[in-house]
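# Structural features, examined
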Amino acid sequence: MMQHSMFSRRSLLAGAGVALMPLLPVLAAGLVPTPEQTEGPFYPAGFPADIDNDLVRVRGQAAQAMGQVLHLQGRVIGLGGGARSGAMVEIWQCDGRGIYDHPRQAGRDRRDAAFQGYGRMLVDSEGRYSFRTLKPVAYPGRTPHIHLKVATADGRMLTSQFYVAGDPQNERDGVFRRAIRSPGQRERIEMKLEAAPGLEPGALATTMDIVIA
Ligand SMILES: [Fe+2]
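Each chain carries its own residue numbering, running from 1 in the written order of its sequence. Owing to the predicted nature of the model, reporting of local features is limited to residues with pLDDT of at least 70; listing and counting of side-chain atom pairs is limited to 80 or more, with chain, interface and lining totals taken over all residues. With hydrogens and water excluded, all non-hydrogen atoms of the structure serve as input to the side-chain values.

## Quick word on the pattern of salt bridges
For clarity, the threshold we go by: Any Lys or Arg side-chain nitrogen located within 4 Å of an Asp or Glu carboxyl oxygen qualifies as a salt bridge. The secondary structure listing takes helices from DSSP runs of H or I that are at least 4 residues long and strands from runs of E that are at least 2 residues long, numbered from the N terminus. Only protein chains enter the area calculation, which uses a 1.4 Å probe; residues under 20% of their type maximum are buried, those over 50% are exposed, and those in between are partly exposed.
In the structure shown here, the tally under the stated rule is 12 salt bridges. Notably, a salt bridge pairs R108 with D101, separated by 2.8 Å at the nearest N-O pair. A salt bridge links E200 to R132; its shortest N-O distance comes to 2.8 Å. A residue pair is termed long-range when its members are at least 10 positions apart, and E200 in the loop between β8 (194-195) and β9 (204-207) and R132 in strand β4 (residues 128-134) qualify at 68 residues. In terms of burial, E200 and R132 fall into one category: buried. Through salt bridges with shared partners, a single ionic network connects D54, R132 and E200.

What follows is the structure, encoded as structure tokens:
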């Protein structure tokens, strides 16, 4: 629907000449923002000792977290596509058994201690971030997802969640459904996973740009 109305406005402008020229920069800055979604009850109550961008390994432990490794990377950008350098990106998710490292989590003692569960990083000058984490799994009541929170250098905050594209549980998930009000928003929160044997055997990779107005 949005694309359709964009198209008709463009056609209108094409025929309208100079009078509407001031509108053009607005149309050019046309990226759909990443939709805001609930933080949920499991944002860390206290941060783990290791909070780097590799959630699959906890510093000082030999074991690697159970699950399929996912390399999640992308850029934090504005509506015009420019880097939002200086932004801080945080992610958190449950372990391979569906258990969060959180006091509200039932059965927390059964969690995978080799999974960091939370990580953060500052984007580089191009707005780039990257995490080595796990392909998210479902837990009762939710489709698989990764939570994220971004704070920009100028004080804007975005809280959202990423999902696995094509997972049939998405369409039955209330949080997912509320976040999707246009095809453009779906693209912002659905991760298209690809095999990435070049990065590491058996791993998946995905690129998700985070667009903040
Ligand atoms: Fe969650």
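## Quick look at the nonpolar core
In plain terms, the rule: Among buried residues, those of type Ala, Val, Leu, Ile, Met, Phe, Trp, Tyr and Cys that are joined through side-chain atoms within 4.5 Å constitute a nonpolar core. A contact between two residues is defined here by any heavy atoms of the two lying within 4.5 Å.
Grouped together as the largest cluster of nonpolar side chains are 28 residues, with contacts concentrated most on V76, V89, Y129, V150, F162, M191 and I210. Those elements that provide at least two residues to this core are β1 (69-77), β2 (88-92), β4, β5 (145-151) and β6 (157-164). For this core, the element with the most residues is β1, which contributes four residues. Look past the residues within four positions of F162 in its chain and what remains in contact with it is L72, Y129, P144, H145, I146, L148, R188, I189, M191, M208 and I210. Core analysis: the second largest hydrophobic core is formed by seven residues, F42, Y43, W92 and Y118 among them.

## Considerations on the coordination of the iron ion
Quick note on the threshold: Ligating atoms shown are N, O and S within 2.8 Å of the metal, or 3.2 Å for Na, K and Ca, and water is not included, meaning a site may look less than complete. Here the metal geometry follows the donor angles, with tetrahedral for four donors whose angles all fall between 85 and 135 degrees, square planar for four and octahedral for six when opposite donors are more than 155 degrees apart and every other angle is between 65 and 115, and irregular for all the rest.
Bound to the iron ion are the protein donor atoms Y100 (OH), Y139 (OH), H145 (NE2) and H147 (NE2), situated 2.0 to 2.3 Å from the metal. Given four donor atoms and angles of 92 to 166° at the metal, the environment of the iron ion is assigned as irregular. One chain supplies every donor to the iron ion, and in sequence these donors are spaced Y-x38-Y-x5-H-x1-H. Of this pair, Y100 sits in the loop between β2 and β3 (118-122) while Y139 sits in the loop between β4 and β5, and the two are 39 residues apart along the sequence. You'll find Y100 and Y139 in the same group, each marked buried.

## Considering the packing of aromatic side chains
Test applied: Note on ring pairs: Phe, Tyr and Trp rings are taken, using the six-membered ring of Trp, and paired if centres are within 6.5 Å. Classes follow the plane angle, with under 30 degrees stacked, over 60 edge-to-face and the rest tilted. Two limits define a charge over a ring: the Lys NZ or Arg CZ must be within 6 Å of the ring centre, and within 35 degrees of the ring normal.
Under the counting rule described, the total for this entry stands at nine aromatic pairs. Look at F42 and Y100: their rings are 4.3 Å apart centre to centre, the planes differ by 15°, and that puts the pair in the stacked class. Taken together, the residues span a long stretch of sequence, with F42 in the loop between α2 (24-28) and β1 and Y100 in the loop between β2 and β3 at a distance of 58 residues. The pair formed by F42 and Y100 is uniform in burial state, with each residue classed as buried. Relative to Y118, the ring of Y43 lies with its centre 6.3 Å away and its plane at 85°, an arrangement referred to as edge-to-face. In this pair, Y43 is assigned in the loop between α2 and β1 and Y118 in strand β3, connecting sequence segments 75 residues apart. Neither residue differs from the other here; Y43 and Y118 are each classed as buried. When the ring centre of F47 is taken as origin, the NZ or CZ atom of R120, which lies over that ring, is 4.6 Å away. Geometry around Y43 places K149 over its ring, the cationic atom sitting 4.0 Å from the centre.

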